[in-house]
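One-letter residues, chain by chain:
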Amino acid sequence: MKRRLSKAIWHGIPKKRISRLMGRVARHPFSRHLIPFYIRHFDIDLAPVRKPLDQFEHLLDFFVRELQPEARPIAPGKAKVVSPVDGTVSEGGKIEAGKLIQAKGISYSLAQLLGENEEGVKRFDGGEFVTIYLSPRDYHRIHMPIEGKVVASTYIPGELYPVNEVGVQLVPGLFAVNERIVTYIEGEAGMTALVKVGATNVGSIKVTYDEAIATNPKPNQPFAHKTYPSPKLLPKGAELGRFEFGSTVILLFEPGQITWSIPLAKETKVQMGQEIACLVRLEEETSCSDTR
């Protein structure tokens, strides 16, 4: 009964309007006075932050703060896949029969996650995935997990349920229900998909490779799939986008593309640039870690 009531309340809340309002508040110059409270509440480490605190114009400016380059070294070697974000592993493993694990006893559809992209489903079914949750205290810029080219992107409109533990347990298929952007990256060892999932109070998700893509717009932006005929080669660790408040990323790999270098246990912490997997098709690289 309590679960049904909570879901009904979240369903009835105007999540998109609230999220847009939060975005406007966080962009207001007055909100810079909230930065010290935000830092204390979430126990944020200021040592790696690139700008002095008094140079941030508003709360959102601090939230999407840049870090010193040396704060997040990128694991070298083409075969090494790195975490695109700072965050916490919530689930990971094999994509089986077109399903991914959301939480214990809860799965969701690969086809729905990718916006019914049949080619994408064929590519990634039987492959591997990892879901990484970004809390409000984390660094919120998103980076390239491999060297490659952004060859396509899909914007999928949807809800903005919370993606924390409450939302994961409350909403079946959460990551295939919420608004999201799927970025397809073509590398030497195949295709990798990076799914950026929106959430309550995520004012927007921005991507560096296409300024026309905007999430949580008003009025709603329709579903859109784009291909890029002349994509640039981007180095591993290059900035790919950012969350304007916390959310989740999901990485998808083709069958046989990777072996994991980290334990996929729940609550495993990762940092952007840290090796998380090895591209097994690049046989000349043998220095990857291996947790098998």
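In this text, all values refer to a predicted model and were calculated from it rather than measured experimentally. (Residues numbered from 1 in each chain as written. Predicted model: local features only at pLDDT ≥ 70, side-chain atom pairs only at ≥ 80, totals over all residues. Heavy atoms only, no water.)

1. Here we look at the packing of aromatic side chains
Right, on to step 1. Under the criterion given, the structure shown has seven aromatic pairs.
Right, on to step 2. Between Tyr38 and Phe42, the ring centres sit 4.8 Å apart and the planes meet at 55°, which makes this aromatic pair tilted. Of this pair, Tyr38 and Phe42 are both found in helix H3 (residues 35-42), four residues apart, which corresponds to roughly one turn of the helix.
Right, on to step 3. Judged by relative accessible area, which is 10%, Tyr38 ranks as buried.
Right, on to step 4. Seen from the ring of Phe62, Arg65 lies directly overhead, with NZ or CZ sitting 4.6 Å from the centre. (Phe/Tyr/Trp six-rings, centres within 6.5 Å; stacked < 30°, edge-to-face > 60°. Helix = DSSP H or I, 4+ residues; strand = E, 2+ residues; numbered from the N terminus. Buried < 20%, exposed > 50% of the residue type's maximum accessible area, 1.4 Å probe, protein only. Lys NZ or Arg CZ within 6 Å of the ring centre and 35° of its normal.)

2. Description of the UniProt feature "active site" (unreviewed entry) in the protein
Right, on to step 1. Sites flagged by UniProt as "active site" (unreviewed entry) map to Asp86, His143 and Ser247.
Right, on to step 2. Along the chain, His143 turns up in strand S6 (residues 141-143).
Right, on to step 3. For His143, a relative accessible area of 6% gives the class buried.
Right, on to step 4. The residues contacting His143, other than those within four sequence positions of it, are Pro84, Leu194, Gly237, Ala238, Glu239, Leu240 and Met272. (UniProt positions renumbered as here; feature names shortened; annotations may be inferred. Contact = heavy atoms within 4.5 Å.)

3. Topic: the sheet that holds strand S1 (residues 80-82)
In any sheet, the strands associate via hydrogen bonds between backbone groups, in a parallel or an antiparallel arrangement.
Right, on to step 1. Pairing is antiparallel across the open sheet formed by three strands, whose spatial order is S1-S17-S15. Unpaired on one side and paired on the other, S1 and strand S15 (258-260) mark the two borders of the sheet. On average, each strand axis in the sheet is tilted by 35° relative to the strand beside it, whichever way the strands run. (Pairing = 2+ DSSP bridges. Axes fitted to C-alpha atoms, helices over the stretch in contact; angles between N-to-C directions.)

4. Quick look at the pattern of salt bridges
Right, on to step 1. Within the structure shown, the criterion is met by eleven salt bridges.
Right, on to step 2. Taking the shortest distance from any N to any O, the salt bridge between Asp61 and Lys51 comes out at 3.2 Å. Of this pair, Asp61 sits in helix H4 (residues 59-63) while Lys51 is found in the loop between H3 and H4, placing the two residues ten residues apart along the sequence.
Right, on to step 3. Assessed through its relative accessible area of 33%, Lys51 is described here as partly exposed.
Right, on to step 4. Residue Lys78 is joined to Glu188 by a salt bridge in which the shortest nitrogen-to-oxygen separation is 2.7 Å. In this pair, Lys78 sits in the loop between H4 and S1 while Glu188 sits in the loop between strand S8 (180-187) and strand S9 (190-197), placing the two residues 110 residues apart along the sequence.
Right, on to step 5. Each member of the salt-bridge network shares a partner with another, and the members are Lys78, Glu147 and Glu188. (Salt bridge = Lys/Arg side-chain N within 4 Å of Asp/Glu carboxyl O.)

5. Quick look at the UniProt feature "modified residue: Pyruvic acid (Ser)" (unreviewed entry) in the protein
Right, on to step 1. Residues annotated in UniProt with the feature "modified residue: Pyruvic acid (Ser)" (unreviewed entry) correspond here to Ser247.
Right, on to step 2. Here Ser247 lies in the loop between strand S13 (239-243) and strand S14 (248-253).

6. So, the pairing of S8
Regular strands place side chains that alternate from one sheet face to the opposite one.
Right, on to step 1. Taking burial as the measure, the eight residues of S8 include seven buried ones, the bulk of the element.
Right, on to step 2. The pairing of strand S7 (residues 148-156) with S8 spans seven bridges and is classified as antiparallel. Across the sheet, the residue bridging to Tyr155 is Ile181, located in S8.
Right, on to step 3. Examined bridge by bridge, S8 and S9 share eight bridges and lie antiparallel to one another. By the bridge assignment, Val182 is partnered in S9 with Val195.

7. Quick look at the sheet that holds S13
Right, on to step 1. The three strands lie next to each other as S6-S13-S10, forming an open sheet whose pairing is antiparallel. Edge positions in the open sheet fall to S6 and strand S10 (205-207), since each of these has one partner strand only. Put simply, the sheet's adjacent strands are angled 20° from each other on average, direction ignored.
Right, on to step 2. Sheet topology note: the S10/S13 ladder contains three bridges and is antiparallel. Note that in S13 the partner of Lys206 across the bridge is Arg242.

8. Describing the side chain of Asn117
Right, on to step 1. Along the chain, Asn117 falls in the loop between helix H5 (110-113) and helix H6 (118-124).
Right, on to step 2. According to the relative accessible area criterion, Asn117 is buried, its value standing at 17%.
Right, on to step 3. Of note is the side chain of Asn117, whose polar atom sits 2.9 Å from the backbone nitrogen of Gly120.
Right, on to step 4. Non-local contacts of Asn117, meaning those with residues more than four positions away in its chain, are made with Ala111, Tyr184 and His225. (Polar contact = N/O pair within 3.5 Å; in protein donor to acceptor, adjacent residues only side chain to side chain.)

9. Quick word on the pairing of S14
Right, on to step 1. Along S14, six of the six residues are buried, which leaves the element largely enclosed by surrounding structure.
Right, on to step 2. By the alternation rule, side chains of S14 split into Thr248, Ile250 and Leu252 and Val249, Leu251 and Phe253, which are all buried.
Right, on to step 3. Both S9 and S14 contribute to a ladder of six bridges, which runs antiparallel. Along S14, the bridge assignment pairs Val195 with Ile250.

10. Regarding the confidence of the model for the protein
Right, on to step 1. Of the residues in the protein, 85% reach a pLDDT of 70 or more, and the chain-wide mean stands at 85.
Right, on to step 2. By mean pLDDT, the top-scoring element of the protein is S1 (97), and the lowest-scoring one is helix H1 (residues 2-12) (48). (pLDDT = per-residue confidence, 0-100.)

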